[in-house]
Amino acid sequence: MFSAPEVTSLSVAEKLNKARKELLDLGLRNPLLNYCTLKATGLEVVDEQPVSVFRILAREGKTMSFIPTKERNGEGLFEQPLDLTEDEKQSLYNDLRLQTPYELTGLQSRLLTTY
């Protein structure tokens with residue numbers, strides 16, 4: 001004989017929440033949760049505040065650019081000085097440039113390879 005389909009007590013919203021949890025990958029294979037910079041691709045951002053970056057990108061809808069914090073002179077590689085006052089640091093956090101730990105040519109190469 002034919003029997004009626006089983007009726008569950010879960011509502012549609014509960015079923016959707018259950019399905020979402022099944023789709024969510026919280027493991028180490030998820031690159032959004034477990035990101036590591038590779039040798040040639042990806043970028044590392046240094047000396048920035050995530051709250052400021054989020055505000056500028058998401059709330060204000062502005063675009064940001066990347067700048068190198070290392071420069072090469074005739075004698076070799078040197079880093080820009082980071083001994084700034086608190087006011088100078090705050091102005092750096094609120095500008096539209098993201099600092100990276102690369103020199104200019106390395107930064108350009110990484111951006112192009114990542115693209």
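Because the structure is a prediction, the values reported are computed rather than measured.

1. Things to note about the overall build of the protein
Okay, step 1: Assigned secondary structure in the protein consists of four helices and four strands.
Okay, step 2: Along the protein, from the amino end to the carboxyl end, the secondary structure elements read α-α-β-β-β-α-β-α.
Okay, step 3: Across the 115 residues in the protein, those meeting the buried criterion constitute 17%.
Okay, step 4: Across the protein, contacts joining residues at least 24 apart in sequence account for 72% of those joining residues at least 6 apart.
Okay, step 5: Total accessible area computed for the protein in this model is approximately 9700 Å², and 59% of it derives from carbon and sulfur atoms.

2. So, the confidence of the model for the protein
Okay, step 1: Averaged over every residue, the pLDDT of the protein is 80; the share at 70 or more is 80%.
Okay, step 2: Helix 2 (residues 50-59) holds the highest mean pLDDT among the elements of the protein, 92, whereas strand 3 (residues 76-79) holds the lowest, 52.

3. Focus: the pattern of salt bridges
Okay, step 1: As enumerated under the stated definition, the model contains three salt bridges in all.
Okay, step 2: Close ionic contact of Lys-62 with Glu-60 constitutes a salt bridge, the shortest N to O distance being 3.3 Å.
Okay, step 3: Arg-97 serves as the salt-bridge partner of Asp-95, at 3.3 Å between the closest nitrogen and oxygen.
Okay, step 4: By sharing partners, the salt bridges in this structure join Arg-55, Glu-60 and Lys-62 into a single network.

4. Here's the deal with unusual backbone geometry
Okay, step 1: A positive phi angle, near 55 degrees, is found at Asp-47, a position not held by glycine.
Okay, step 2: Within the secondary structure, Asp-47 sits in the loop between helix 1 (12-23) and helix 2.

5. Some words on a nonpolar patch on the surface
Okay, step 1: A surface patch of nonpolar side chains, amounting to about 510 Å² of accessible area, comprises Leu-24, Leu-26, Leu-32 and Leu-33.
Okay, step 2: If you trace the backbone, Leu-26 turns up in the loop between helix 1 and helix 2.
Okay, step 3: Given a relative accessible area of 66%, Leu-26 falls into the exposed group.

6. Side note on the side chain of Ser-52
Okay, step 1: On the secondary structure map, Ser-52 appears in helix 2.
Okay, step 2: On the basis of relative accessibility, which here comes to 7%, the residue Ser-52 falls in the buried class.

Cut-offs and rules
- Residues numbered from 1 in each chain as written.
- Predicted model: local features only at pLDDT ≥ 70, side-chain atom pairs only at ≥ 80, totals over all residues.
- Heavy atoms only, no water.
- Helix = DSSP H or I, 4+ residues; strand = E, 2+ residues; numbered from the N terminus.
- Buried < 20%, exposed > 50% of the residue type's maximum accessible area, 1.4 Å probe, protein only.
- Contact = heavy atoms within 4.5 Å.
- Areas by Shrake-Rupley, 256 points an atom, 1.4 Å probe, with all protein chains shown as cover.
- pLDDT = per-residue confidence, 0-100.
- Salt bridge = Lys/Arg side-chain N within 4 Å of Asp/Glu carboxyl O.
- Patch = residues over 30% accessible without salt bridge, like charges linked within 9 Å, V, L, I, M, F, W, Y side chains within 5 Å.

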